[in-house]
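Reading the structure
So you can see what is in the structure, the chains are spelled out below.
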Amino acid sequence: MKHIITINKANLKKTAAKGGCGKCQASCQSACKTSCTVANQKCEK
Amino acid sequence: MIHKYKLNGLNIVLDVHSGGVHLVDELTYDMLDNVKPPFEEKCPEKVIEKLSRFYAPEDIKSCYEEVVELYNDGILFSEDDYEKFAKYSVASPVKAMCLLVEQDCNLRCEYCFASTGDYGLGKRMHMDFETGKKALDFLLENSGDRENLELDFFGGEPLMNWDVVKKLVEYGRSREKEYGKRFRFTITTNGMLLDEEKMDFINKEMSNVVMSIDGRKCVNDRVRKRVDGTGCYDRIMDKFKTLAQKRNYENYYVRGTFTKYNLDFAEDVVHLYDEGFDQISVEPVVADPAMSYALTEKDLPAIFSEYERLANIILEHDKQGKHFNFFHFMLDLDQGPCAIKRLRGCGSGNEYVAITPEGDIYPCHQFVGYEEYKMGNINEGTFNTDIKNEFAKTHIYNKEDCKKCWAKFYCSGGCNANNFIYAGNVLTAHKFSCEVQKKRLECAIMIKAAKAAEEAEKASE
């Protein structure tokens, strides 16, 4: 493409279909909880 | 829904519902103000006419084709079809616990949300071993099929109740096999009581450790004071360095708070990096606006500008091979959490609870002391599932402000406690936090985009 560069896989919708297993770490917006914010969290599936 | 913005010379477009991030040229940036689905096969004449004042018609046509291609691929103007998944936001097993082993502190930090340790309750208390044991049992019994159980030793200052911490770790480990589960113990400390023995135990048993320090000595000592009013920097800095070094700089954070007193907080982040730390969080204080250190909406321009400056500092450091993580800019655009997790958010009150020294159960550490949110007591064997069910439904599609927000899949409806304490309701967004969060996201995405642009440039050479 000449005008647009897509920089990621943009796969959020696919994750909805198979997601929700609940294995991931609890998340908190503060690092005082030794956890992740939602944005930086890894899927543990 | 798309969100487009310019930052650091880059034109960035986020497609909210696919998570797609696009770097676009000026023409595309302008075109996106003039087109939206449904798309026609060819660029509408009126769009060509409007944009041809600045761009060549052939370029406008090819740009339109690219926009339509991305739309057809489902990564631009993608539809919001997530509300149906909100039904999965139901009561879940409890998998994480904040254990307030010590409701007392040896510091008197000006801005402490726990009112310098006692959570505003007027009583300074230690958790006894028996109550701690019951808390761990509660987690083991209520965690369903979850194998990894998170247990955070918190306070006050948890090292003031060290023997109980150690005995609870030992107790937890002794029950793991029987239940087929694994405790991930973590601890948050102000460092005042750290010594070799505690460091070695923490590094052996704790999967993460958070060390509280605000940055530069002058900044830290102005607000993080000992009981006698003197600052704590000199006592804790070397201890934190040793603790991080002893765990090979893995799985830790140095974690600070910035206030109105240090709106140049990027300097504190850099200071912590210069002192040898590479996992850094410096976060805005959330406080009653009447307090002198509180951040208010008037401070937003300065905060935004400082986040932008910090993002540039991080990019410059990266170029020199000096890498560090800034907690609030950490973003995984490809392998992050699933959309269901993003709908649900932090899980407070549902998957996560806090336990006080007296055994009271609250949705999280920040709700402690708010009687209407007391969920029960582990010594009395009570647990109010009505509150749990209420928290299970605190997903973004039940938060009016959130469901229309471009940042919803990255903050997931914000902090329920901040919403309750400062906006009056767990479902009402705390506007100040929203604005700060959105700015951080823009910066975090920009950092990724800047690196992608650099890669693309290298590839084309």
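What counts as what
Residues numbered from 1 in each chain as written. Chains lettered and ligands numbered in written order. Predicted model: local features only at pLDDT ≥ 70, side-chain atom pairs only at ≥ 80, totals over all residues. Helix = DSSP H or I, 4+ residues; strand = E, 2+ residues; numbered from the N terminus. Rg over C-alpha atoms; globule rule 2.2 N^0.38 Å. Buried ≥ 20, exposed ≤ 12 C-beta atoms within 10 Å, placed from the backbone. Contact = placed C-beta atoms within 7 Å. Nonpolar A, V, L, I, M, F, W, Y, C, P; charged D, E, K, R; others polar. Pairing = 2+ DSSP bridges. Arc of directions from axis to C-beta. pLDDT = per-residue confidence, 0-100. Axes fitted to C-alpha atoms, helices over the stretch in contact; angles between N-to-C directions. Parallel < 35°, antiparallel > 145°, perpendicular 65-115°, else oblique. Left-handed = near helix turned anticlockwise from the far one by under 90°.

1. Some words on the overall build of chain B
Of regular secondary structure, chain B possesses 16 helices and 16 strands. For chain B, the C-alpha radius of gyration of 24 Å lies close to 23 Å, the compact-globule estimate for 461 residues. A principal-axis box enclosing the C-alpha atoms of chain B has dimensions of 75 × 45 × 45 Å. Counting the 461 residues in chain B, one finds 48% classified as buried. Summarising the internal contacts of chain B: among those between residues at least 6 apart in sequence, 68% fall at separations of at least 24.

2. Comments concerning the interface of chain A and chain B
Each partner contributes residues to the interface: chain A has 36 residues there, and chain B has 63 residues. Considering each element in turn, the side of chain A that touches chain B owes the most residues, 4 residues, to helix α1 (residues 12-18) of chain A. When grouped by side-chain class, the residues that make up the side of chain A that touches chain B number 15 nonpolar, 16 polar and 5 charged. Where strand β1 (residues 4-6) of chain A and strand β3 (residues 20-24) of chain B come together, 3 bridges link them in antiparallel fashion. Counted as the bridge partner of A:Ile4 is B:Val24 from β3(B).

3. A word on helix α12 (residues 385-392) of chain B
Residue and element names in this part refer to chain B. Within the span of α12, buried status applies to Ile 387, Lys 388 and Phe 391. Taken down its axis, α12 places every buried residue within 105° of arc, on the same side. The exposed set on the far side of α12, more than 90 degrees from its buried face, consists of Thr 385 and Asp 386.

4. Here we look at the confidence of the model for chain B
Residue-level pLDDT values for chain B average 94, and 100% of them are 70 or greater. In the model output, the complex is listed with pTM 0.95 alongside ipTM 0.92.

5. Notes on the packing of helix α10 (residues 300-319) of chain B against helix α16 (residues 431-460) of chain B
Residues and elements named next belong to chain B. Orientation of α10 relative to α16, taken along the N-to-C sense of each, is 20°, at an axis distance of 10 Å. Our classification of the angle between α10 and α16 gives roughly parallel. Classified by chirality, the crossing of α16 by α10 is right-handed. Contact with α10, carried on its side by Leu 300, Ile 303, Phe 304, Tyr 307, Glu 308, Ala 311, Ile 314 and Leu 315, involves Glu 435, Val 436, Lys 439, Arg 440, Cys 443, Met 446, Ile 447 and Ala 450 of α16 and no other residues of that element.

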